[in-house]
Amino acid sequence: MDDRDNDVKTRRNKDGPKALSQRGPDLKRLTRQLRDMESIRSRYFPVWQEIAKYIVPGRGVFTKDEPNQGERKDRELLDPTPLQALHVLSAGLQGGLTSPSRPWFRLGVADGDLSDFYSVRLWLDEVERRIFHVLSQSNVYNALHTLYQEIGAFGVGAMLVEEDANNVVRAHTFTAGEFCLSYGLDGRPNRFGREFWMSAQQMEEEFGEEALSDAAKAALKSGRLDQWFRVCQMIYPDEDAREGEFPVLSVYWEEGKTDAREHAPLAVRRYASMPVLAPRWEVVGSDYYGRGPGWDALGESKMLQEL
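Throughout this description, residue numbers start from 1 for each chain and increase along the sequence as written. Local features in this predicted model are restricted to residues whose pLDDT is 70 or higher, and side-chain atom pairs enter the listing and the counts only when it is 80 or higher, whereas totals over whole chains, interfaces and linings include all residues. Hydrogens and water are ignored here; the side-chain numbers use all heavy atoms of the structure.

Draft legend 1. Spatial organisation of unusual backbone geometry. Despite not being glycine, N68 shows a phi value in the positive range, around 65°. Helix and strand assignments come from DSSP, with helices taken as H or I runs of at least 4 residues and strands as E runs of at least 2, each series counted from the N terminus. In this structure, N68 sits in the loop between α2 (45–54) and α3 (81–97). In this scheme, a residue with accessible area under 20% of its type's maximum is buried, one over 50% is exposed, and one in between is partly exposed, where area comes from a 1.4 Å probe on protein chains only. A residue is classified by how much of its surface remains accessible, and N68, at 70% relative accessible area, is exposed. For V168, which is not glycine, the phi dihedral falls at a positive 75°. Residue position: V168 is located in strand β3 (residues 168–174).

Below is the structure:
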């Protein structure tokens, strides 16, 4: 099997600033694109904030506050019925679509006659077994359960799937307000952007100390390992990809560090295809973001808490 056929195959480069040496990404341009995507997303914030407040407290990121604030977010949810209903919905989706306890897909080949050959069926069965084993040893099922909650509540979710040195694959599910998306004419996500916090220690582990800014290096040197830094990421198709290169780019950079003469990206990585799963419950027209049961139940949920 060609590695390029693997949706989660990446070419990681710990020396991020050295990648794409003479044709590095334009960080100022990427920042502008990210701001445009965030502007579109911000129109959904009022409804998302109400859904988070009255249906699923604890989910949704709508400010740039540093992590680990520790405050309660469930003060408006006096009756937990809406949250319990969401748990039932996500559990039902998990069990019906991607159950960890039973096979939920079967591999085949386009040529039906070819699949009748014993050796072909034997190979397909072995590949199936290995895929199920990898999924069971990874965090994918936990991430999918969270993804179903996001879709049920906010109508859209996003999950990044990458290589993992220990478990082959690793998944990370984002919450509403933490990411922004754009979609192509085929209805598939073609751009994914986000701003998020990383500690100095996490940045060193992920990108290597040489890739960090002077401020992050100073935090490491002084022992302030948990000092937070704002990091941006954009995943998008590389129109200038050379023959033989993976066509999807993922670029990380520190917020505000966009001057190419002074700052290089934290990392530049390539993927064989878009590594982000971004399902939507229901889409109206050309909207980027969907609507889900949480939208429909919001009015009744608010009334229930009032009563």
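Past the structure itself, the notes keep going.
Draft legend 2. Inspection of the sheet that holds β3 at higher detail. A sheet is described by the order of its strands in space; here three strands give the open sequence β3-β2-β9, paired in antiparallel fashion. Strands at the two margins of the open sheet, each flanked by one partner only, are β3 and β9 (276–277). Two strands pair under a simple rule: DSSP has to find at least two bridges between them. As judged from the seven bridges shared by strand β2 (residues 158–164) and β3, these two strands associate in the antiparallel manner. Looking at β3, one finds that D164 is bridged to V168. By definition, residues are in contact when any of their heavy atoms lie within 4.5 Å. Angular values range over 0 to 180 degrees, each being the angle between N-to-C directions of two axes fitted as lines to C-alpha atoms, with helices fitted over their stretch in contact. Where helix α5 (residues 140–154) meets the sheet, its contacts fall on β2 and β3, and the angle it forms with β3 comes to roughly 20°.

Draft legend 3. How the structure looks around the packing of α2 against helix α8 (residues 293–306). For the pair α2 and α8, interaxial distance at closest approach is 9 Å and the crossing angle is 50°. Viewed along their axes, α2 and α8 adopt a mutual orientation that is oblique. Considering only the axes of α2 and α8, their crossing is left-handed. For the pair α2 and α8, contact is made by V47, W48, E50, I51 and Y54 and by G294, W295, L298, S301, K302 and Q305, respectively. For classification, angles of less than 35 degrees are called roughly parallel, those exceeding 145 degrees roughly antiparallel, those between 65 and 115 degrees roughly perpendicular, and all remaining angles oblique. Throughout, a crossing is termed right-handed when the near helix is turned clockwise from the far one, and left-handed when it is turned anticlockwise from it by less than a right angle.

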